[in-house]
Amino acid sequence: MRKIKFFIMLLLAFSLTTTVTFANKLKADVRTKRIPAGTNFQLQFLQPVSTFSGSMGDSFVATIINEQSTDTSVILPVGTVVRGSISNVNTAKRFSRGAKLYLDFDHVVTPSGRQIPLDMAVFKYDNIFYDGGLYKNLGYGEAVKANYDKAVEITKNTTEYGTKAGEAAPGIQYLTTPLCAIGGFFGGVGYFIGDSVADMFRKGQDVYINSGDIINVKLVNPIDVPVY
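Report follows, based on the coordinates. (Residues numbered from 1 in each chain as written. Predicted model: local features only at pLDDT ≥ 70, side-chain atom pairs only at ≥ 80, totals over all residues. Heavy atoms only, no water.)

With that settled, consider the nonpolar core. In a soluble, globular protein the nonpolar side chains are often hidden away together inside. In this structure, Phe-41, Leu-43, Phe-45, Leu-101, Leu-103 and Phe-105 are the most contacted members of the largest nonpolar core, which totals 30 residues. Within the residue set of this core, elements represented by two or more residues are β2 (40-45), β4 (59-64), β6 (74-76), β7 (81-90), β8 (100-109), β10 (120-124), β13 (214-219) and β14 (223-227). Here the element with the most residues in this core is β8; it accounts for four residues. With near-sequence residues (within four places) excluded, Leu-101 lies in contact with Val-49, Thr-51, Ile-86, Asn-88, Val-89, Gly-132, Gly-133, Leu-134, Val-207 and Ile-209. (Core = buried A, V, L, I, M, F, W, Y, C linked by side-chain atoms within 4.5 Å. Buried < 20%, exposed > 50% of the residue type's maximum accessible area, 1.4 Å probe, protein only. Helix = DSSP H or I, 4+ residues; strand = E, 2+ residues; numbered from the N terminus. Contact = heavy atoms within 4.5 Å.)

And the structure:
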């Protein structure tokens, strides 16, 4: 009986020693490389995300298309998966108030399969609100300004057309230019008033990120990635 107990204790001691040795060896083989805060990631979305059909909590998957590496090793290769979700959606409303899309980048999946939490923020998009929301247009004031710019463009183009039309016959431009300018002015005013009234009832634009679109984000906090 004593011999059996001794044999069991010897076997347990051997197993423990082997496990510790293997763990220490594995630990020695693993190094980490730090990707500093402010690093630019280019993410290509693998599925569409929008304020039109998306809602808070919907997940998305993107891949890194700019390799993260050092002089000696690749930390995150092209194709590395980044997972995230929609953290909030402000839907489009009347008076041309556009929707806002808020994205949360949750974690990156390393080549070894580890999931490392991420803190990222979009830094390059058509428009970014002060709180990080992505949008296409803000509201009625912006719509009215766009209508004014369009009205000015209509007047300018019509006047230039009258000038060029008059070049075919000397002296005619003194008639065609002012007539076209007046016509363009009233046309521009009509467009400005009509579209500005319509913008009171029109909803603002939705935000669409299509499959294959590339979004530029920055790392807010550094991450340490295991490199074998």
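For the rest of this paragraph, the subject is the environment of Thr-80. In this structure, Thr-80 sits in the loop between β6 and β7. Placed 18 residues apart in sequence, Thr-80 and Ala-62 show a C-alpha to C-alpha distance of 8.4 Å. Those residues within four positions of Thr-80 in sequence are excluded, and the remaining contacts are Ala-62, Thr-63, Ile-64, Val-108 and Val-109. Here Pro-77 takes part through its backbone oxygen, which lies 2.6 Å from a polar atom of the side chain of Thr-80. (Polar contact = N/O pair within 3.5 Å; in protein donor to acceptor, adjacent residues only side chain to side chain.)

Geometry only, nothing functional implied.
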